[in-house]
Every structure is written in C-alpha cells, then in structure tokens.
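Letter by letter, the chains look like this.
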Amino acid sequence: FPSHDTTNNTMKLHALACFHLRPQLHEIFVAGLKNANITSATFVCNSDYDEGKEDTIRLKELSEKYGITAQIVLAPNNPVSNKHNYGLLRSLELDWDALVIMGSDDLISPEGVELLKENLKQKAYVGFNQIHFLSSETFEWSKYKHEDKRLVGCGRAIHRDVFDRISRVSTITFRKEQDI
C-alpha cells in the first residue's frame with residue numbers, strides 16, 4: 001500500500017477545504033496553498049447563506065490570481081458533514097494522488113507538504129499530531145498536541161488508493177447541490 005507509483009516526488013496533492021463566512025481569510029488561505037506547492041483544490045462554500053455565493057466568486061478570482069486549479073461548489077452546512085462529503089465526492093472526479101483535508105483557516109508549510117508526501121509513499125493515511133496557533137489578538141503562538149498520537153485536523157492526507165478501494169465495495173452518493 002499504496003499501489004500508485006509514488007517513488008518520485010511528483011505526487012499530486014489536492015486540497016479539500018470548506019468555507020463558511022470569514023472572507024477576510026480567503027486570500028491568506030489560497031496564497032498559502034500556492035506557497036505550499038498545492039496547486040489544485042476543491043472549495044466547498046456554504047449554500048445556506050447568500051454569502052456562500054459571494055465566497056464562490058471571490059475564491060474563483062483568488063484561484064486564478066494564485067494559479068490554483070480550483071473546483072468550487074456550493075453545499076448545505078446541515079448536517080455539517082454533508083459539505084465535506086459532497087466536496088469529497090466532487091474531488092474524486094479529478095486526478096490526484098492524495099487528498100489533503102484542510103480548514104479555511106489552516107496553513108501548511110512547504111516542509112509540512114514534503115513530510116506528507118514522503119510518508120504517503122508507504123502509508124495510506126498520514127497527518128500531524130501537533131499544530132501551532134497564532135493568536136490574532138496577541139500575536140503569540142500556542143501549541144496543541146494529542147498525547148495519544150491521534151492526528152489533528154489540519155493537513156490530514158489520505159491516499160487515493162483508499163478511495164479507489166472503498167468505491168469497489170460501496171456506492172457513495174450524496175445530495176447534489178449547485179456547482180460553480
């Protein structure tokens with residue numbers, strides 16, 4: 001595991017991120033993807049609010065500005081997992097080797113991406129067990145770490161083979177919303 005040829009560093013990472021308001025973070029996030037050498041993404045915007053449609057327009061502009069190949073979709077936020085599931089389903093239509101799950105307020109360094117790629121050569125599911133937060137009020141860093149080695153949310157990466165194997169034994173369907 002994995003079965004795809006990942007012996008060189010050409011592994012294609014694809015980001016999946018859901019957006020819910022906070023438009024002031026959009027450019028920071030998209031520029032962060034570019035900085036981390038992640039050049040394709042599926043962005044899921046919340047269809048429950050008018051701002052979700054505005055988010056799609058802004059994210060399209062930012063993706064073009066930073067050279068990110070973006071698939072931008074609208075999905076409801078209720079239940080909260082539905083937008084992630086719909087984003088995953090749409091992501092599966094694209095060509096990538098591993099999916100990196102991120103929040104719209106997450107940033108990952110180029111070195112972090114290289115660690116993911118290196119570990120994905122031999123493991124199906126990788127990530128980080130500690131992350132650092134920068135307070136926007138105090139500009140101080142704090143650290144969060146799972147003591148039991150569980151993975152924290154930002155930067156969890158799942159190899160494409162996992163989804164290929166699941167699709168052979170299960171039919172995944174989600175309510176289709178509006179594509180942009």
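Refer to the structure above for everything that follows.
Colleague: How should the nonpolar core be read in this particular structure?
Modeller: Nonpolar side chains in soluble globular proteins generally cluster together in the buried interior. Within the largest apolar cluster, 28 residues are counted, with the highest numbers of intra-cluster contacts made by Leu13, Phe29, Val30, Leu33, Ile38 and Phe43. No other element matches strand 1 (residues 13-19), which puts four residues into this core. When neighbours within four sequence positions are excluded, Leu33 is seen to be in contact with Ala15, Ile38, Ala41, Phe43, Ile68 and Met102.

Colleague: For this particular structure, what's the right way to read the pattern of salt bridges?
Modeller: Once their charged atoms are close, side chains differing in charge can pair, the charge on each being opposite to the other. Taken as a whole, this structure holds eight salt bridges when the rule is applied. Lys12 is the partner of Asp95 in a salt bridge, and the nearest nitrogen-oxygen pair spans 2.2 Å. With Asp95 in the loop between helix 3 (80-91) and strand 4 (98-103) and Lys12 in the segment before strand 1, this residue pair connects regions lying 83 residues apart in the sequence. Since its relative accessible area comes to 55%, Asp95 is described here as exposed. As a salt-bridge pair, Arg160 and Asp164 come within 3.5 Å of each other at their nearest N and O atoms. With a gap of four residues between them, Arg160 and Asp164 both fall in helix 5 (residues 160-169), about one helical turn apart. The partly exposed category is assigned to Asp164, whose relative accessible area is 25%. The structure contains a network of salt bridges with shared partners spanning Glu27, Arg58, Glu61 and Lys65.

About the cut-offs
Residues numbered from 1 in each chain as written. Predicted model: local features only at pLDDT ≥ 70, side-chain atom pairs only at ≥ 80, totals over all residues. Heavy atoms only, no water. Core = buried A, V, L, I, M, F, W, Y, C linked by side-chain atoms within 4.5 Å. Buried < 20%, exposed > 50% of the residue type's maximum accessible area, 1.4 Å probe, protein only. Helix = DSSP H or I, 4+ residues; strand = E, 2+ residues; numbered from the N terminus. Contact = heavy atoms within 4.5 Å. Salt bridge = Lys/Arg side-chain N within 4 Å of Asp/Glu carboxyl O.

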